[in-house]
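A closer look at the structure
The primary structure of each chain is shown beneath.
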Amino acid sequence: MMVVTEHIGGGPLVVSMPHSGLKLSPGLEQRLSPEARALPDTDWHIPELYDFLAPLNATIIAAEYSRYVIDLNRDPSGQSLYPGQATTALVPVARFDGEPIYRDGEAPDTVETEARKRDYFEPYHAALERALERARSRHGYAFLWDAHSIASEVPRLFEGGLPDLNLGTNSGASCAPVIEAEAVRMMQAATDFSSVSNGRFKGGWITRHYGRPELGVHALQMEIGQNAYMGGAPGYAFDPAKAARLRPVLNSIISAALDAAAEFHAGASS
Ligand SMILES: [Zn+2]
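These figures come from a predicted structure and were not determined experimentally.

For the chain, the helix and strand inventory stands at five helices and seven strands. For the chain, the succession of helices and strands along the chain, N to C, is β-β-α-β-α-β-β-α-β-α-β-α. Here the C-alpha atoms of the chain give a radius of gyration of 18 Å, agreeing with the 18 Å that 2.2 N^0.38 yields for 270 residues. Across its three principal directions, the C-alpha atoms of the chain cover 60 × 40 × 35 Å. The 270 residues of the chain split such that 44% are buried.

Structure, rendered in structure tokens:
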């Protein structure tokens, strides 16, 4: 059973795609509500959107399984990502719209939750840890880009429409300030796309857990409003023309932030 797709690159850049998986664990589909079977809360088409990473020598770690199996961007202890606010859980039972993922009586118990942690959560994070450690031992630092997207309007989770580009650095704690500053500068230069840093989305568990700038691991989350590259529901269709405008912007943000990381660490070691 392949839980994670790994593409190993030689550079300091590691791109994580924890919510783009579309597979369901054996027997799960029949237990889901009809609406949930369409996997509406997927970070749709993220590998296709990020098809420009090869020249950056990136390592790519992508989930094969849906976030409905287990959410790879939540604290495995079960602690809430946004205490006091609506959010979804490690093994979610409610969709973003608040409606049930499971048919009556079909939600997983604690034994099943633990098994999903072992079978799906741990292999993903083992791969991600190896990738970061490889980058760090080769370059002296690692640059983690956690790649996400979400429907541009989700009334239960946020008010109104989401900006196109939502950068999260755990309010500045998950990377060196110069790296965030470069990412923000390039985001703001892309005037065709609205953007915000550490707005509603400040970075999930992956960003917070791995982002340890003092140890040479810089983590940034990019949450993209899906209107920026998709045609809009229903159908969750990829919009190639929109994506073609967005890709160079993502490339410029990542490249500038990567350059800033390289300069930061060159300065630190000389
Ligand atoms: Zn996501």
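Moving on from the model shown.
Within strand 7 (residues 217–225), nine of the nine residues are buried, leaving the element largely enclosed by the surrounding structure. A two-sided burial pattern is seen for strand 7, the buried positions comprising V217, A219, Q221, E223 and G225 on one face and H218, L220, M222 and I224 on the other. Where strand 4 (residues 142–150) lies against strand 7, nine bridges are found, and the strand directions are parallel. Along strand 7, the bridge assignment pairs W145 with L220. Relative to strand 7, strand 5 (residues 165–168) runs antiparallel, the two being bridged by four bridges. Bridging across to strand 7, G168 finds its partner in Q221.

Next up on the list: the pairing of strand 4. In terms of residue burial, strand 4 counts as a mostly covered element, since nine of its nine residues are buried. Residue alternation in strand 4 divides its side chains into two sets, A142, L144, D146, H148 and I150 and F143, W145, A147 and S149, and both sets are buried. As paired elements, strand 2 (residues 13–17) and strand 4 share four bridges and run parallel to each other. Counterpart to V14 in the pairing with strand 4 is L144.

Moving on: unusual backbone geometry. Positive phi values are uncommon outside glycine, yet H45 reaches one of about 60°. Among the secondary structure elements, H45 is positioned in the loop between strand 2 and helix 1 (46–49). The class for H45 is partly exposed, based on 19 C-beta atoms found within 10 Å.

Turning our attention to the sheet that holds strand 1 (residues 4–7). Pairing is mixed across the open sheet formed by seven strands, whose spatial order is 1-3-2-4-7-5-6. With partners counted over all chains shown, the strands left at the sheet margins are strand 1 and strand 6 (195–197), one partner each. Within the sheet, the average angular offset between the axes of one strand and its neighbour, ignoring direction, is 15°. In the packing of helix 2 (residues 110–139) onto the sheet, the strands contacted are strand 1, strand 2, strand 3 (59–63), strand 4 and strand 7, and the crossing angle to strand 3 comes to about 170°.

In an α-helix, one turn spans 3.6 residues; hence positions three or four apart end up facing the same way. In a regular helix each residue adds 1.5 Å, so 30 residues correspond to 44 Å; helix 2 covers 41 Å between its end C-alpha atoms and thus fits that length. Each element contacted by the buried residues of helix 2 is listed here: strand 1, strand 2, strand 3, strand 4, helix 4 (205–210) and strand 7.

Time to look at the nonpolar core. Judged by nonpolar contacts, the single largest core of 70 residues is most densely connected at V14 and V15. Not counting residues up to four positions away in its chain, the partners in contact with V15 are Y50, L53, A58, I60, W145 and A147.

Here we take up helix 3 (residues 177–189). In this model helix 3 runs 18 Å from its N-terminal to its C-terminal C-alpha over 13 residues, within 8% of the 18 Å that 1.5 Å per residue would give. All of the buried residues along helix 3 are I179, E180, E182, A183, V184, M186 and M187.

Residue position: V111 is located in helix 2. In sequence terms V111 and I101 are ten residues apart; their C-alpha atoms lie 18 Å from each other.

We now examine the environment of P76. Residue placement: P76 occurs in the loop between strand 3 and helix 2. Accessibility expressed as a C-beta count within 10 Å gives 15 for P76, which makes it partly exposed. Separated by 41 residues in sequence, P76 and K117 have C-alpha atoms that sit 7.6 Å apart. Ignoring any residue separated from it by four or fewer positions in sequence, one finds P76 in contact with L90, K117 and F121.

What follows deals with the environment of S137. Looking at the secondary structure, you find S137 in helix 2. By C-beta crowding, S137 is classed as exposed, having 9 other C-beta atoms within 10 Å. Residues S137 and P12, spaced 125 residues apart in sequence, show a C-alpha to C-alpha distance of 9.6 Å.

Calculation rules
Residues numbered from 1 in each chain as written. Predicted model: local features only at pLDDT ≥ 70, side-chain atom pairs only at ≥ 80, totals over all residues. Helix = DSSP H or I, 4+ residues; strand = E, 2+ residues; numbered from the N terminus. Rg over C-alpha atoms; globule rule 2.2 N^0.38 Å. Buried ≥ 20, exposed ≤ 12 C-beta atoms within 10 Å, placed from the backbone. Pairing = 2+ DSSP bridges. Axes fitted to C-alpha atoms, helices over the stretch in contact; angles between N-to-C directions. Contact = placed C-beta atoms within 7 Å. Expected span 1.5 Å × (residues − 1). Core = buried A, V, L, I, M, F, W, Y, C linked by C-beta atoms within 7 Å.

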